[in-house]
Amino acid sequence: MNLQHVIQSQQFSVPNLMELFGRTRQMETIVRRGGTRDYDDKIMASLFYKPSTRTRFSFESAMYRLGGKVLSTESAKSFSSAIEGEQLEDTIRIIANYCDVIVLRHNEEGGAQRAAAVSPVPIINAGDGGGGQHPTLALLDLYTIYNECKTLDGLSVAMIGALDTGRTVRSLAYLLSKFERVKLYFLAPPEMQIKQDIINHLQEHDVSFQLESDPSEIIPKVDVVYQTRIDRERLQGKEVDLSQYNINPDMLKRMKSDAIIMHPLPRSVEIDPVVDRDPRAAYFRQSQNGLFVRMALLTMLFDKE
Ligand code: CP
């Protein structure tokens, strides 16, 4: 696969995904053995305009496990020339002189695309704006589903939360739409439902989906419950019972015995910590997979040269 930038999840075909997942399995072995020095001539810059725990740390860890080096700012709005009004494009042109790949989390939707348009080195979108995409998270989500469910065809997946602004859900919906007989359920209060661009994409690709506000009928049917946070402030003044969307022991009882629970994290109240003890809780395994998938992605970008 000739991978130049990683901007949106739609850019990956099924053969690309299988190549990535093959490499990801190799990375699991490499990490168990303590890493490799194969990429010790490579430098990764991580440029984050918005806070991150998992994405930034896992990318930086990935680069170190590959033997490479990292340049980093975790608060680029304050600790870069952005504070002097420097435009993203200029910042990218400068930083690209010092590294082999840039991992960018930008506060504006389309930020990664703007960066890629001027960058001579690969740009990896680590999340753009409030309603953009988070493709590397969707890749690790898909890898987790593949690992846990042993297939990607014929699955029923419920996505819960503030779906309109959910970058992770948006990116994952694009990826899941590439597989056979997938059924997607979008469970959210009507004012937070998935946006029309995703609906259009699913219709164009003949993917079965359903929009619902009541999770009770859907939860017992699905193989994957993909939970995300709901920003309570957005519903102020409206009578919405958000507790119906929470994963708690009651909801666990209604789920299939072999279903899995995922969450991009960080979580708030939407998953009761007692759920962590249930073997179906896959969210910590999911975040660990982020390291392996991001190592694999970096090698795909470096190896094409
Ligand atoms: N899920 C996710 O992207 O986490 P961070 O914001 O901590 O990177």
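Predicted, not measured: the structure shown is a model, and the values here were computed from it. (Residues numbered from 1 in each chain as written. Predicted model: local features only at pLDDT ≥ 70, side-chain atom pairs only at ≥ 80, totals over all residues. Heavy atoms only, no water.)

Colleague: Describe the site of the ligand, listing the residues and the values that go with them.
Modeller: Around the ligand, the surrounding shell consists of Ser52, Thr53, Arg54, Thr55, Arg105, His134, Pro264 and Leu265. Measuring from an oxygen atom of the ligand, one finds a side-chain N or O atom of Ser52 at 2.6 Å. Here an oxygen atom of the ligand and a side-chain polar atom of His134 are 2.9 Å apart. Computed on the free molecule, the ligand has an accessible area of 250 Å², of which 90% lies beneath the protein chains in the complex. Split by residue class, the shell around the ligand holds 2 nonpolar, 4 polar and 2 charged. (Near = heavy atom within 4 Å. Polar contact = N/O pair within 3.5 Å; in protein donor to acceptor, adjacent residues only side chain to side chain. Areas by Shrake-Rupley, 256 points an atom, 1.4 Å probe, with all protein chains shown as cover. Nonpolar A, V, L, I, M, F, W, Y, C, P; charged D, E, K, R; others polar.)

Colleague: Please provide a residue-by-residue account of unusual backbone geometry, values included.
Modeller: That bond from Leu265 to Pro266 is cis: its omega, 5 degrees, falls within 30 degrees of zero. Relative to the assigned elements, Pro266 resides in the loop between strand 9 (260-262) and helix 9 (283-303). Even without being glycine, Asp206 reaches a positive phi, approximately 55 degrees. Inspection of the secondary structure puts Asp206 in the loop between helix 7 (196-204) and strand 7 (208-212). (Helix = DSSP H or I, 4+ residues; strand = E, 2+ residues; numbered from the N terminus.)

Colleague: Describe in detail the nonpolar core, supporting the description with residues and values.
Modeller: Formed by 89 residues in total, the largest nonpolar core has its most connected members in Leu142, Met159, Leu176, Leu184, Phe186 and Leu298. Viewed by domain, this core spans two of them, domain 1 (9-134 + 290-303) and domain 2 (135-286), each represented by three or more residues. Here Met159 is in contact with Val169, Leu172, Ala173, Leu176, Leu184, Tyr185, Phe186, Leu187 and Tyr226, once residues within four sequence places are set aside. (Core = buried A, V, L, I, M, F, W, Y, C linked by side-chain atoms within 4.5 Å. Buried < 20%, exposed > 50% of the residue type's maximum accessible area, 1.4 Å probe, protein only. Domains from an automatic or database assignment. Contact = heavy atoms within 4.5 Å.)

Colleague: Explain the domain arrangement of the protein to me, using residue names and the numbers behind them.
Modeller: You can read the domains of the protein as domain 1 (9-134 + 290-303) and domain 2 (135-286). Summarising the inter-unit geometry, the C-alpha centres of domain 1 and domain 2 are found 25 Å apart. In this assembly, 28 residues from domain 1 lie in contact with 26 residues from domain 2. Carbon and sulfur atoms supply 62% of the area buried between domain 1 and domain 2, which totals about 2400 Å² over both sides. Sorting the residues of domain 1 by area buried against domain 2 places Ser9, Phe21 and His134 first, and these three jointly supply 26% of that buried surface. For the pair domain 1 and domain 2, the interface holds 0 salt bridges. Taken together, the links from domain 1 to domain 2 amount to 16 residue pairs in polar contact (both at pLDDT 80 or more). At the level of secondary structure, the elements contributing two or more residues to the side of domain 1 that touches domain 2 comprise helix 1 (14-32), helix 2 (54-65), strand 4 (123-128) and helix 9. A per-element tally of the side of domain 1 that touches domain 2 places helix 1 first, with 8 residues. (Buried area = accessible area lost by both parts, 1.4 Å probe. Salt bridge = Lys/Arg side-chain N within 4 Å of Asp/Glu carboxyl O.)

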